[in-house]
Amino acid sequence: MFFENIKLAFKDFGSNKLRTFLSILGIVIGVASIITITTLGRSATVSIQNQVSSMGLETINIFPRGNDSEARRLFTPELAGKLKDNVEGIKDAVPINQTPMLLKHGRDSYQANVMAVTDDFTDVFDYEVESGGFITEDDNARRKSVVVLGAEAASKLFPGGDAVGKYIRIYRKQAKSFRVIGVMKTRTASMRMDFDAAVYVPRNTYNQRLKRIRRVRNYVVGTEKGADVLVVSGKIEAYLFKLTGDADSYRVISPATIAGIYTGITKTLNLFLTGIAAISLLVGGIGIMNIMLVSVAERTREIGIRKALGATPKVIRGQFLIEAVVLTLFGGLIGISFGTGLSYIITVFLKWLFAPQFSAFLLAVLFSGGVGIFFGLYPAIQASGLQPVEALTYE
Amino acid sequence: MTASGTIIKIADVKKDYILGKAVIKALRGVTLKIQSGELLAIMGPSGSGKTTLMHLIGCLDIPTSGKIYLEGEDVSELNEEALARIRNRKVGFVFQQFNLLSRISILENVMTPLMYAHVPVKKRRESAEEALKSVGLSDRLTHRPTELSGGQRQRVAIARALVTDPSIILADEPTGNLDTETGRSILEMFNKINGNGKTVIIVTHDPEVGALARKTVHIRDGIITGID
Ligand SMILES: Nc1ncnc2c1ncn2[C@@H]1O[C@H](COP(=O)(O)OP(=O)(O)O)[C@@H](O)[C@H]1O
Ligand SMILES: [Mg+2]
């Protein structure tokens, strides 16, 4: 009887295609919204995770804000030691200073950010040497005139390769000669640093030969293995607040907090789309109820005949309930395809990863079936309660 | 159940219809016994209560007062669920307006009562084909009722009434929408069905049916005025 009823439902919808389509429109929109919400939410999460993990989730960036703030005076080279001593979970606190300068090798010249670094720089950023080596503690202590080139700087200054061991000139008032001791592998820019387009010199050499370092531009903190980045950045904020008493005078940013912001945005978006989904499912459900009531009225005589042939009220109720559920499931399936298509287009447009969720499809199917049962029940009860004689003689 | 026992017993049955404030007394106290295997004609003018009586016998409705027994079972106060089961098993209905389901094939029409009796699909199909064969419509199984003539439709209705092998066949003016010739062949069919041992009750205006039946009940204004 179950299959007969399903077949019957399809027959009925087939003979009233436009009406059927209009009646399931609400369900289609509702389910499409659900699918779009979940697919986009999931795609956003996956994309952000992907992006964030390429930046290095374990680093925290600390900036001073404003020109004359307490914090700016606080960003001295000594802050690194203070941070390490006072905040748990910090492995390195790398001071960053950089200035754009002109570099030359023979006839090749290049404008690059010259960065003052210490030996722990590569460790914090997961930055790897392609050839030669990076700045050592000894280079820094003895203020050696050595330089390490970012991938792009190297290719611009040494188009023929083989930079290690050669000398370049860095122009700061006058040309200063530096020996190239290493070339870095390429690395995606992050934390406001364009690694490939920079060159790296020991901090002390930078301070003495290129530019006096009074204040540190910003610190990049590497956390200890297993430490929770969010917890550590919270502690850093608390410590800086203790030192400055002014929460506006510094900023503590980590990829994890950026991810947190994104999650916040998607949450808001979800809430909004969930609202749309809820409303359209409600409207859709009422549409289903309406069409089913029309169907019951139109088929009063059929109901009478079926009763005369021995259909119990339960059987009639089942028939109309199945019909409503078939209708909403059909709408649900169309909604799933629409929603999946729409979110695919959006992800392509936003250059996100497309991450559809099987569980969302299942949820959508359950939801639309549920709407069918809920809103189909009343018309079905109406149908089952018809008096056989009255239904039979209905014109 | 012996062929000569009482299969239907109607005891002082009254049926009122309430239309707004008016009460229509469709049956005013009908008492009647019908023997198993009988071919009974019910005759009377329009509005006399014939259809009402048929509906009550066929368990499509319950009386306002009085008792109805089918094969000894009191059916006058049963609920919808129980009435549906009796309609399905004990009674086969044939209506003046055929009352076929227009959206499905005639084979599916005839299979429907068996579906409500929870007969397995394969058996349903076999029995329905058999029943349609017995009314001479084997070559039309997949046709829709609308593709058939009046006489053919009524034969489908008869097949549908017979398919559950009920002991009682009720026909309410089965020839009312048919031409004389076709009507005669339909009546002949009922005669044959009766010959196979089923109790057949036919409501009619047609004196010819009266002639065919061994017993005719005359009804007027909701009261039996004579039996011959
Ligand atoms: N459902 C109903 N509601 C109200 N009155 C009805 C209904 N069915 C029948 N009647 C009335 O009951 C009386 C008997 O009707 P019916 O049994 O159909 O007579 P017949 O079949 O002999 O023409 C008529 O007066 C008719 O108008
Ligand atoms: Mg009548």
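Model, not experiment: these values are computed from the prediction. (Residues numbered from 1 in each chain as written. Chains lettered and ligands numbered in written order. Predicted model: local features only at pLDDT ≥ 70, side-chain atom pairs only at ≥ 80, totals over all residues. Heavy atoms only, no water.)

A. Representation of the overall build of chain A in the model. Helix and strand content of chain A: 14 helices and 10 strands. The globule rule puts the C-alpha radius of gyration for 395 residues at 21 Å, and the 34 Å found for chain A is more than 25% above it. Counting only C-alpha atoms and orienting by the principal axes, one finds that chain A spans roughly 110 × 50 × 35 Å. Going through the 395 residues of chain A one by one, you find that 49% of them count as buried. Nonlocal contacts in chain A, meaning residues at least 24 apart in sequence, comprise 80% of its contacts between residues at least 6 apart. (Helix = DSSP H or I, 4+ residues; strand = E, 2+ residues; numbered from the N terminus. Rg over C-alpha atoms; globule rule 2.2 N^0.38 Å. Buried < 20%, exposed > 50% of the residue type's maximum accessible area, 1.4 Å probe, protein only. Contact = heavy atoms within 4.5 Å.)

B. The arrangement of the site of ligand 1 in detail. All names here are of chain B. Around ligand 1, the surrounding shell consists of Y17, L19, I24, A26, P45, S46, G47, S48, G49, K50, T51 and T52. One of the backbone nitrogen or oxygen atoms of G47 is found 2.6 Å away from an oxygen atom of ligand 1. In isolation ligand 1 offers 550 Å² of accessible surface; the protein chains occlude 69% of this area. For the shell around ligand 1, the secondary-structure elements that each account for two or more residues are β1 (6-19), β2 (22-35) and α1 (50-57). Broken down by element, the residue count for the shell around ligand 1 peaks at three residues, all from α1. Within the shell around ligand 1, the residues separate by chemical class into five nonpolar, six polar and one charged. (Near = heavy atom within 4 Å. Polar contact = N/O pair within 3.5 Å; in protein donor to acceptor, adjacent residues only side chain to side chain. Areas by Shrake-Rupley, 256 points an atom, 1.4 Å probe, with all protein chains shown as cover. Nonpolar A, V, L, I, M, F, W, Y, C, P; charged D, E, K, R; others polar.)

C. Representation of the domain arrangement of chain A in the model. Domain boundaries in chain A define domain 1 (2-52 + 259-392) and domain 2 (59-253). Averaged C-alpha coordinates put domain 1 of chain A and domain 2 of chain A at centres separated by 57 Å. (Domains from an automatic or database assignment.)

D. Broad picture of the interface of chain B and chain A. On the side of chain A, 24 residues touch chain B, which itself brings 26 residues to the contact. Surface buried jointly by chain B and chain A totals about 2400 Å² across both partners, of which 58% is contributed by carbon and sulfur atoms. For the pair chain B and chain A, the interface holds four salt bridges. Measuring nitrogen to oxygen at the nearest pair gives 2.7 Å for the salt bridge that ties E108 of chain B to K7 of chain A. Viewed at the interface, chain A and chain B are joined by eight residue pairs in polar contact (both at pLDDT 80 or more). Secondary-structure elements contributing two or more residues to the side of chain B that touches chain A are α2 (80-89), α3 (106-116) and α4 (121-134) of chain B. Of the residues assigned to the side of chain B that touches chain A, the class counts are 10 nonpolar, six polar and 10 charged. (Buried area = accessible area lost by both parts, 1.4 Å probe. Salt bridge = Lys/Arg side-chain N within 4 Å of Asp/Glu carboxyl O.)

E. Region of interest: the sheet that holds strand β6 (residues 91-94) of chain B. Residues and elements named next belong to chain B. Pairing in this open sheet of six strands is mixed, and the strands run β6-β7-β8-β3-β9-β10 from one edge to the other. Looking at the sheet topology across the chains shown, the edges are occupied by β6 and β10 (223-227). Across the sheet, the mean angle separating the axes of adjacent strands is 20° when strand polarity is ignored. The pairing of strand β3 (residues 39-43) with strand β9 (residues 215-220) spans four bridges and is classified as parallel. The residue bridging L40 from the neighbouring strand is K215, located in β9. (Pairing = 2+ DSSP bridges. Axes fitted to C-alpha atoms, helices over the stretch in contact; angles between N-to-C directions.)

F. A look at the nonpolar core. Counting residues in each nonpolar core, the largest one holds 73 residues, and the members touching the most others are I8, I42, L70 and I201 of chain B. Considering each element in turn, this core owes the most residues, nine residues, to helix α12 (residues 313-350) of chain A. With sequence-adjacent residues up to four places away left out, I201 of chain B is seen in contact with I8, I34, L40, I42, M54, I57, I169, L170 and A171 of chain B. (Core = buried A, V, L, I, M, F, W, Y, C linked by side-chain atoms within 4.5 Å.)

G. Looking closely at the packing of helix α4 (residues 79-86) of chain A against helix α9 (residues 229-244) of chain A. All names here are of chain A. Look at α4 against α9: their axes get within 11 Å of each other, and the N-to-C directions meet at 120°. With respect to α9, the element α4 is oriented oblique. Helix-helix and strand crossings are classified by hand; for α4 and α9 the assignment is right-handed. Residues L79, K82, L83 and N86 of α4 form the contact with α9, whose participating residues are I236, Y239 and L243. In the contact of α4 with α9, the residues fall into five nonpolar, one polar and one charged. (Parallel < 35°, antiparallel > 145°, perpendicular 65-115°, else oblique. Left-handed = near helix turned anticlockwise from the far one by under 90°.)

H. Looking closely at the side chain of D196 of chain A. Residue and element names in this part refer to chain A. Along the chain, D196 turns up in the loop between β7 (174-184) and β8 (198-202). There is no salt bridge for the buried D196, and the closest opposite charge comes from R187, which lies 7.9 Å off by N-O distance. Within polar-contact distance, the side chain of D196 engages the backbone nitrogen of R187 at 2.9 Å. Excluding anything up to four places from it in sequence, D196 contacts Y127, G150, A151, E152, A153, K185, T186 and R187. (Lys, Arg positive; Asp, Glu negative; His and termini not counted.)

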